[in-house]
Amino acid sequence: MAVAAATLTLAVLTTACGALGQAVDCNSAATEASKIMTDWSSEVTKNAADTKAIGTASKTAADKTKELAGKYDGEVAAALNELAGGFETMEKGDLAGVSEFTGKMNGFSTKITAACT
């Protein structure tokens, strides 16, 4: 009985942010999204004046985030797609927008985490 209860609890936790029948590990989604954001920030920081490098880093981050979103559905996919859209706004290497977008990244992380509850 205890094993069945533990299994049911785990099933609820892993499917809370996905459709029925698609087990979703929300922690993995949040971790992968965080890595994408960190990689983007590192690239932008080391190439702060290079609009082409910022655009390339942003396109790479958007593509990776869209790919990640494709593995999920529901609120997690929506939050990841919103993050990807944010990266896409930076693909033209908008130096002025980097600070604004960086400030919004915590909000994206919060949405992804909230989608898992």
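Residues numbered from 1 in each chain as written. Predicted model: local features only at pLDDT ≥ 70, side-chain atom pairs only at ≥ 80, totals over all residues. Heavy atoms only, no water.

### Structural notes on the confidence of the model for the protein chain
Item 1. Taken residue by residue, the protein chain gives an average pLDDT of 77. The fraction at 70 or more is 79%.
Item 2. At the level of individual helices and strands, the protein chain shows its lowest average pLDDT in helix H1 (residues 2–15), which scores 34, and its highest in helix H3 (residues 51–69), which scores 94. (pLDDT = per-residue confidence, 0-100. Helix = DSSP H or I, 4+ residues; strand = E, 2+ residues; numbered from the N terminus.)

### What about the packing of aromatic side chains?
Item 1. The full count for this structure, using the stated rule, is four aromatic pairs.
Item 2. Here the aromatic rings of Phe 101 and Phe 108 are separated by 5.9 Å at their centres, their planes lie at 45°, and the arrangement is tilted. With respect to burial, Phe 101 and Phe 108 carry one shared label: buried.
Item 3. An aromatic cluster is built from Trp 40, Phe 87, Phe 101 and Phe 108, whose rings are joined through pairwise contacts. (Phe/Tyr/Trp six-rings, centres within 6.5 Å; stacked < 30°, edge-to-face > 60°. Buried < 20%, exposed > 50% of the residue type's maximum accessible area, 1.4 Å probe, protein only.)

### Focus on the packing of helix H2 (residues 26–46) against H3
Item 1. It is at 9 Å that the axes of H2 and H3 come closest, and there the two elements cross at 175°. The orientation of H2 relative to H3 falls into the category roughly antiparallel. Of H3, the residues touching H2 (which contributes Ala 29, Glu 32, Ala 33, Ile 36, Trp 40, Glu 43 and Val 44) are Ile 54, Ala 57, Ser 58, Ala 61, Lys 64, Thr 65 and Leu 68.
Item 2. Partitioning the contact of H2 with H3 into residue classes produces nine nonpolar, two polar and three charged. (Axes fitted to C-alpha atoms, helices over the stretch in contact; angles between N-to-C directions. Parallel < 35°, antiparallel > 145°, perpendicular 65-115°, else oblique. Contact = heavy atoms within 4.5 Å. Nonpolar A, V, L, I, M, F, W, Y, C, P; charged D, E, K, R; others polar.)

### Overview of the packing of helix H4 (residues 74–89) against helix H5 (residues 95–115)
Item 1. As a packed pair, H4 and H5 sit with axes 8 Å apart at the nearest point and diverge in direction by 170°. With respect to H5, the element H4 is oriented roughly antiparallel. Of the residues in H5, those in contact with Glu 75, Val 76, Ala 79, Leu 80, Glu 82, Leu 83, Gly 86 and Phe 87 of H4 are Phe 101, Met 105, Phe 108, Lys 111, Ile 112 and Ala 115.
Item 2. By residue class, the composition of the contact of H4 with H5 is 10 nonpolar, one polar and three charged.

### Here's the deal with H3
Item 1. Compared with an ideal rise of 1.5 Å per residue, which puts 19 residues at 27 Å, H3 spans 26 Å between its outermost C-alpha atoms and is within 8% of the ideal.
Item 2. Tucked into the core, H3 has its buried residues touching H2, H4 and H5.
Item 3. Put simply, Asp 50 is the residue that caps the front of H3, since its side-chain oxygen is 3.1 Å from the backbone nitrogen of Lys 52. (Expected span 1.5 Å × (residues − 1). Polar contact = N/O pair within 3.5 Å; in protein donor to acceptor, adjacent residues only side chain to side chain.)

### Side note on the pattern of salt bridges
Item 1. Tallying each qualifying case throughout the model produces six salt bridges.
Item 2. Residues Glu 100 and Lys 104 are paired through a salt bridge, measuring 3.3 Å at the closest nitrogen-oxygen approach. In this pair, Glu 100 and Lys 104 are both assigned in helix H5, four residues apart and thus about one turn of the helix distant.
Item 3. Residue classification places Lys 104 among the partly exposed residues on the basis of a relative accessible area of 45%. (Salt bridge = Lys/Arg side-chain N within 4 Å of Asp/Glu carboxyl O.)

### Considering H2
Item 1. With 21 residues, H2 extends 30 Å between its outermost C-alpha atoms, agreeing within 8% with the 30 Å of an ideal straight helix rising 1.5 Å per residue.
Item 2. By the burial criterion, the buried members of H2 are Cys 26, Ala 29, Ala 33, Ile 36, Met 37, Trp 40 and Val 44. In a view along the axis of H2, the buried residues occupy a sector of 95°, so they form one face of it. Seen from the open side of H2, the exposed residues pointing more than 90 degrees away from its buried face are Asn 27, Thr 31, Lys 35, Thr 45 and Lys 46.
Item 3. Residues of H2 that are buried make contact with H3, H4 and H5. (Arc of directions from axis to C-beta.)

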